[in-house]
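Chain by chain, the residues:
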Amino acid sequence: MKVLVTGGGTGGHIYPALAMINAIRAKDPSASFLYIGTENGLENDIVPKHDIPFSTIEISGFKRKLSFENVRTVWRFLQGTRRAKRLIRDFRPDVALGTGGYVAGPVMYAAAKAGVPTIIHEQNSIPGLTNKFLSRYATKVAISFQEAADYFPNDKTVFTGNPRASEVAHAQKANMASTFGFRENLPIVMIVGGSRGAKPIHDAFLEALPQLSDKHCQYLYITGSVHYDKVKESMSDRGDHAHIVVRPFLHDMPNVLASVDAVVSRAGATTLAEITALGIPSILIPSPYVTKNHQEMNARALENVGAAIVHKESEWSGDKLEADIEAIFRKGKAAEMKKAATALAVPDAADKLYDVMTSIAK
Ligand SMILES: CC(=O)N[C@H]1[C@@H](OP(=O)(O)OP(=O)(O)OC[C@H]2O[C@@H](n3ccc(=O)[nH]c3=O)[C@H](O)[C@@H]2O)O[C@H](CO)[C@@H](O)[C@@H]1O
């Protein structure tokens, strides 16, 4: 099977695509792939590390307000479609998978127009602009939250879950002592602000530092590459933090996630698929800066069943972090949160998506 794959901008769109490529490779070792992304997106950094043929087109996103920039965007969309058409003509895929982000727009549109069977994957409970636009042309729409079905044509839409959940569900534990210097028998809490990091999460963490130094927990703090130097500098002003390990970005997230006891995070849909696949108790601070506040909707789906504690960004603080950690580890909430998270998991998502792909492939 020849599979065209696209999706990018941020990790939440890229990792489901990579997970699906790995799942297809395991089932069909002769399958070949072409991944189309952009040069500026995180995919340009991540995809080539996975031994996947990678090409780029130029594209930018629509501004919601009327602006001259949108004229340029339409022009780029048309240029991007033209370049994608050429790449598709050369590669001749049997099926195309798009996991969202701006780049998926022209690529999947060009694939559909070229007669390639197309499947778009939506990770969120409320879809992004690109996938909504593409759902008109796609052969199938795969969703990860039942709530998303309301936004897509009924006859095309199928619930599969997020294939990254399948990848993470089988992850081996990392050696946290030798990799990060953590002590055994003390809970490890990961703090992460999505694939690019999030300043409000850093601010609250830095504020909480004095309270967190009681050493009943250890912290693995992932800042996002752009925030790393600043955070390190702020921390060095605030004393010794032997129980806090700071990293800019992790490339082996599945194994590390499989080894932590709780996660403090934004509520990006792919992160939530990972958290539920592994049954990790979580404290979620949804980003309010995303389309139709979809991260809050994602987060509430976990909160409603007792899998997560959710705080609006405007209400979150270092004190809340300390109180939540206390509730999870010292007041025994961890076990019930773990159970509730596991109940939401879709560990066979990659199999489900594979079945849909092969059912429509040429
Ligand atoms: C600001 C924005 O538009 N965010 C969106 C974006 O978020 P974002 O890209 O932050 O997405 P997620 O939190 O869903 O996923 C992040 C992914 O990056 C991985 N990771 C993260 C940090 C790291 O150091 N290493 C690493 O591998 C995580 O394991 C995960 O697989 O896509 C998500 C999925 O469509 C959406 O729900 C989010 O609303």
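Rules behind the numbers
Residues numbered from 1 in each chain as written. Predicted model: local features only at pLDDT ≥ 70, side-chain atom pairs only at ≥ 80, totals over all residues. Heavy atoms only, no water. UniProt positions renumbered as here; feature names shortened; annotations may be inferred. Core = buried A, V, L, I, M, F, W, Y, C linked by side-chain atoms within 4.5 Å. Buried < 20%, exposed > 50% of the residue type's maximum accessible area, 1.4 Å probe, protein only. Helix = DSSP H or I, 4+ residues; strand = E, 2+ residues; numbered from the N terminus. Contact = heavy atoms within 4.5 Å. Patch = residues over 30% accessible without salt bridge, like charges linked within 9 Å, V, L, I, M, F, W, Y side chains within 5 Å. Areas by Shrake-Rupley, 256 points an atom, 1.4 Å probe, with all protein chains shown as cover. Salt bridge = Lys/Arg side-chain N within 4 Å of Asp/Glu carboxyl O. Lys, Arg positive; Asp, Glu negative; His and termini not counted. Charge placed at Lys NZ, Arg CZ, Asp CG, Glu CD.

Here is the UniProt Function (unreviewed entry) comment for the protein, exactly as written: "Cell wall formation. Catalyzes the transfer of a GlcNAc subunit on undecaprenyl-pyrophosphoryl-MurNAc-pentapeptide (lipid intermediate I) to form undecaprenyl-pyrophosphoryl-MurNAc-(pentapeptide)GlcNAc (lipid intermediate II)." Per UniProt, the comment on the protein under Catalytic activity (unreviewed entry) is "di-trans,octa-cis-undecaprenyl diphospho-N-acetyl-alpha-D-muramoyl-L-alanyl-D-glutamyl-meso-2,6-diaminopimeloyl-D-alanyl-D-alanine + UDP-N-acetyl-alpha-D-glucosamine = di-trans,octa-cis-undecaprenyl diphospho-[N-acetyl-alpha-D-glucosaminyl-(1->4)]-N-acetyl-alpha-D-muramoyl-L-alanyl-D-glutamyl-meso-2,6-diaminopimeloyl-D-alanyl-D-alanine + UDP + H(+)".

Student: Now, about the nonpolar core: what can you tell me, with residues and values included?
Tutor: If you look at the biggest cluster of nonpolar residues, it comprises 30 residues, and the most contacted ones within it are Met190, Leu220 and Val260. Among the elements of the structure, helix 7 (176–180), strand 8 (188–192), strand 9 (218–222), helix 10 (253–257), helix 11 (269–278), helix 12 (294–303), strand 13 (308–310) and helix 14 (333–344) are those that each provide at least two residues to this core. For Met190, the residues in contact, after removing those within four places along its chain, are Leu220, Ile222, Leu250, Met253, Val256, Leu257, Val260, Ala262, Val263 and Val264. One finds Val5, Ile14, Leu42 and Met357 within the second-largest nonpolar core, a separate group that totals 28 residues.

Student: Account for the UniProt feature "binding site: UDP-N-acetyl-alpha-D-glucosamine" (unreviewed entry) in the protein, naming residues and giving values.
Tutor: Within the UniProt annotation, "binding site: UDP-N-acetyl-alpha-D-glucosamine" (unreviewed entry) is assigned to Thr10, Gly11, Gly12, Asn124, Ser195 and Gln295. Mapped onto the fold, Thr10 is located in the loop between strand 1 (2–6) and helix 1 (11–27). Relative accessible area serves as the criterion here: at 29%, Thr10 is assigned to the partly exposed category. Not counting chain neighbours up to four residues away, the residues in contact with Thr10 comprise Leu42, Ser195 and Arg196.

Student: Help me get a handle on a positive patch on the surface, residues and values and all.
Tutor: On the surface, a cluster of positive charge is made up of Arg82, Arg83, Lys85, Arg86, Arg89 and Lys113. Position of Arg82 among the secondary structure elements: in helix 3 (residues 68–91). Given a relative accessible area of 46%, Arg82 falls into the partly exposed group.

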